[in-house]
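Survey of secondary and tertiary structure
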Amino acid sequence: MYKQTIAPILSLFASLGTLVCCALPVLFVTLGMGAVLANLISSFPWITILAEYKTHISIFAGSMLLFAIFTFWQGKNFSCPSDPKLARLCVNLRKVNLLILIISANIYIVGFFFSFLAVKII
């Protein structure tokens, strides 16, 4: 059961990493907010270091997301306990995990788009 809980949360943090390192700087420059980006980099200089490894971060986040989807898909056919309280908790946990996976996938798609595709399109 821990894999079904930890994997979506880790994929969410990994997806947020792609958003912070790669998507936000490209989005700010695209929208003409270079001053905001300069202020962001002066406040958080580690963002430039993360941007150097954007391919590695994107691959890691994508693999974490795929692992989380795989564990969710594998566990969706498991039966919940027969105790009514535990069964309700199990169903609610599955709904929360699905919501976290959907949010993670959307964040990853936005980060991937602005990191790799928007640069070539715009």
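Figured I'd write up the structure that's included with this text. The structure presented is a predicted model; accordingly, all values stated were derived computationally and were not measured.

Right, let's talk about the side chain of Ser115 for a bit. Its place among the elements puts Ser115 in helix H5 (residues 84-121). Ser115 gets classed as buried once you look at its relative accessible area, which sits at 2%. Here the side chain of Ser115 touches Gly111 through a polar contact of 2.7 Å, landing on its backbone oxygen. For Ser115, the residues in contact, after removing those within four places along its chain, are Thr18, Cys22, Ala23 and Lys54.

Further remarks concern the state of the cysteines. Note on terminology: disulfide describes a covalent bond linking the sulfur atoms of two cysteines. Scanning the entire structure with this criterion turns up 1 disulfide. Between the sulfur of Cys80 and that of Cys90 lies a disulfide, 2.2 Å long from S to S. Judged by the sign of its S-S torsion, about -65°, the bond between Cys80 and Cys90 is left-handed. Placement of Cys80 in the loop between helix H4 (54-75) and H5 and of Cys90 in helix H5 is noted, with a sequence separation of 10 residues between them.

Each pair of packed helices gets described by two things: the angle between the helix axes and the distance between those axes. Relative to each other, H4 and H5 sit at 155°, their axes nearing to 10 Å. Judged by the angle between their axes, H4 and H5 are roughly antiparallel. Considering only the axes of H4 and H5, their crossing is left-handed. In this structure, H4 contributes Lys54, Thr55, Ser58, Ala61, Gly62, Leu65, Ala68, Ile69, Phe72 and Gly75 to the contact, and H5 contributes Arg94, Asn97, Leu98, Leu101, Ser104, Ala105, Tyr108, Ser115 and Phe116. By residue class, the composition of the contact of H4 with H5 is 10 nonpolar, 7 polar and 2 charged.

The next thing to look at is the packing of aromatic side chains. Taken as a whole, this structure holds 4 aromatic pairs when the rule is applied. Considering the side-chain rings of Phe44 and Trp46, the 6.0 Å spacing of their centres and the 65° angle between planes classify their relative orientation as edge-to-face. Residue classification places Phe44 among the partly exposed positions, given a relative accessible area of 39%. Cluster of aromatic residues (ring-pair linked, three or more members): Tyr108, Phe112 and Phe116. Just above the ring of Phe116 sits the side chain of Lys54; from NZ or CZ to the centre is 5.2 Å.

Criteria and thresholds
- Residues numbered from 1 in each chain as written.
- Predicted model: local features only at pLDDT ≥ 70, side-chain atom pairs only at ≥ 80, totals over all residues.
- Heavy atoms only, no water.
- Helix = DSSP H or I, 4+ residues; strand = E, 2+ residues; numbered from the N terminus.
- Buried < 20%, exposed > 50% of the residue type's maximum accessible area, 1.4 Å probe, protein only.
- Polar contact = N/O pair within 3.5 Å; in protein donor to acceptor, adjacent residues only side chain to side chain.
- Contact = heavy atoms within 4.5 Å.
- Disulfide = S-S within 2.5 Å.
- Axes fitted to C-alpha atoms, helices over the stretch in contact; angles between N-to-C directions.
- Parallel < 35°, antiparallel > 145°, perpendicular 65-115°, else oblique.
- Left-handed = near helix turned anticlockwise from the far one by under 90°.
- Nonpolar A, V, L, I, M, F, W, Y, C, P; charged D, E, K, R; others polar.
- Phe/Tyr/Trp six-rings, centres within 6.5 Å; stacked < 30°, edge-to-face > 60°.
- Lys NZ or Arg CZ within 6 Å of the ring centre and 35° of its normal.

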